[in-house]
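# Residue-level structural notes
What follows is the residue order along each chain.
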Amino acid sequence: MDPTTLDRGGQLSHRLANGLSCVVDCGAVRWPEPVEPSLHVQIWLRGHATLRGAASAQRINPHGFVLWRLEPGCPLPTIEASACARHLALSVNCPRLLQLAGDDGRRLLERLTSASEPSMGCASSQLLRSVAELLETLADGSSGSLLRDAKCLELLARLLRAPTQSRAQALTPAQRERVLKAHQLLLADLSSPADARELARSCGLKPFRLKQGFQELYGQSMHQVFQTARMRHAWQLLASGTASVGDAGHAVGYSNLSHFGTAFRAHFGVQPRDLKRCATQGPDAAPIRGGESRHSPALTARCAP
């Protein structure tokens, strides 16, 4: 049977003849039930999620990705996703991965087996470009199966070589506590970013080690963590209907509202004024730019980014 692309209630999916499958979905993660050892990759496009393990929890931010080796009969990973989250998943069984990727596939599976837990990373600009091209191809009903296959395989190839780490594997318990303290201090005042050197000094870490710690613990740089937090806070202010666009921008440190609008749209794909309008108008409000309606999950006031 020829592979097909489906669009069901906002979900896009494509399955290649070689067994590789791709699913783009919103909200909760729908796990495949593995019948044989498989590689599963989840890339976060919008919103956030929490990956819960036996003894810890790890936040997955937009543009973060997680790789698992799923085994039949083993408990599936637990991911709690925000309702407005959008994510892309790739799945392929391990024997097929080795046929497709050779040594790259073997090294990845060995790394996942030795870590005994998921590996995480932050998507590079090249990887995000591959994601964008794949999404465009899947959404285009006129694109041929060969092109969709090629874009899925290109994304898989980039993921196999993307840098990852097991969760906080290089941090000692004491260092982890210091990075957590730095995280709290960093986000204490979203209107003004903290100086990295002062932050490191107050937490008893060298600046370079603190930067490494943020990458290892959160999968992002300090700047990316701070920017994500301030944009999320701005979203919450606007979605509550209690703050104007100017108030929200000033609350997260923007004196120039044009710059705030640009940053907000780059982060969420929607202008702050459109979110504000959706939060204050009734259900008959006109669709916002980009075609998302008042009831779109990405714009519902009760939906956290």
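Please refer to the structure placed before this passage.
### A few points about unusual backbone geometry
Positive phi, normally seen in glycine, also occurs at His 63, with a value near 75°. Following the sequence through the fold, His 63 ends up in the loop between β6 (57–60) and β7 (64–70).

### Points about the packing of aromatic side chains
Going through the model one piece at a time under the given rule, you end up with five aromatic pairs. Ring centres of Trp 235 and Phe 268 lie 4.7 Å apart, and the angle between their planes is 55°; on these two criteria the pair is classed as tilted. Taken together, the residues Trp 235 in helix α8 (residues 222–240) and Phe 268 in helix α10 (residues 257–268) connect sequence positions 33 residues apart. For the pair Trp 235 and Phe 268, a shared accessibility class is recorded, and that class is buried. Among the aromatic residues, ring-to-ring pairing joins Trp 235, Tyr 254, Phe 260, Phe 264 and Phe 268 into one connected group.

### Focus: the pattern of salt bridges
Pairing between side chains of opposite charge can happen when their charged atoms approach one another. Applying the stated criterion across every chain, the model contains nine salt bridges. The salt bridge involving Glu 71 is made with Arg 69; its shortest N-O contact spans 2.9 Å. By relative accessible area, which is 33% here, Arg 69 ends up partly exposed. Lys 151 serves as the salt-bridge partner of Glu 133, at 2.9 Å between the closest nitrogen and oxygen. Note that Glu 133 is positioned in helix α3 (residues 125–139) and Lys 151 in helix α4 (residues 145–160), a separation of 18 residues in sequence. Given a relative accessible area of 18%, Lys 151 falls into the buried group. Connected through salt bridges with shared partners, the residues Glu 133, Lys 151, Glu 154 and Arg 158 form a single ionic network.

### Some words on the sheet that holds strand β5 (residues 49–52)
The strand order β6-β5-β8 describes an open sheet built from three strands, whose pairing is antiparallel. Strands at the two margins of the open sheet, each flanked by one partner only, are β6 and β8 (78–81). The sheet shows a mean angle of 25° between the axes of neighbouring strands, taken without regard to direction. As paired strands, β5 and β6 are joined by four bridges and run antiparallel to one another. Pairing of Leu 51 across the sheet is with Gln 58, part of β6.

### A look at the side chain of Ser 91
With respect to the secondary-structure elements, Ser 91 resides in strand β9 (residues 86–93). Assessed through its relative accessible area of 15%, Ser 91 is described here as buried. A distance of 2.6 Å separates polar atoms of two side chains, one belonging to Ser 91 and the other to His 40. Setting aside anything within four residues of it in sequence, one finds Ser 91 in contact with Gly 19, Leu 20, Ser 21, Pro 32, Leu 39 and His 40.

### Focus: the pairing of strand β4 (residues 38–46)
Burial of β4 is extensive: nine of the nine residues sit out of reach of the surface. When β4 meets β7, the two strands line up antiparallel, connected through six bridges. Paired with Leu 39 across the bridge in β7 is Arg 69. Direction of pairing for β4 relative to β9: antiparallel, over a ladder of eight bridges.

Here is what the cut-offs are and how they apply
Residues numbered from 1 in each chain as written. Predicted model: local features only at pLDDT ≥ 70, side-chain atom pairs only at ≥ 80, totals over all residues. Heavy atoms only, no water. Helix = DSSP H or I, 4+ residues; strand = E, 2+ residues; numbered from the N terminus. Phe/Tyr/Trp six-rings, centres within 6.5 Å; stacked < 30°, edge-to-face > 60°. Buried < 20%, exposed > 50% of the residue type's maximum accessible area, 1.4 Å probe, protein only. Salt bridge = Lys/Arg side-chain N within 4 Å of Asp/Glu carboxyl O. Pairing = 2+ DSSP bridges. Axes fitted to C-alpha atoms, helices over the stretch in contact; angles between N-to-C directions. Polar contact = N/O pair within 3.5 Å; in protein donor to acceptor, adjacent residues only side chain to side chain. Contact = heavy atoms within 4.5 Å.

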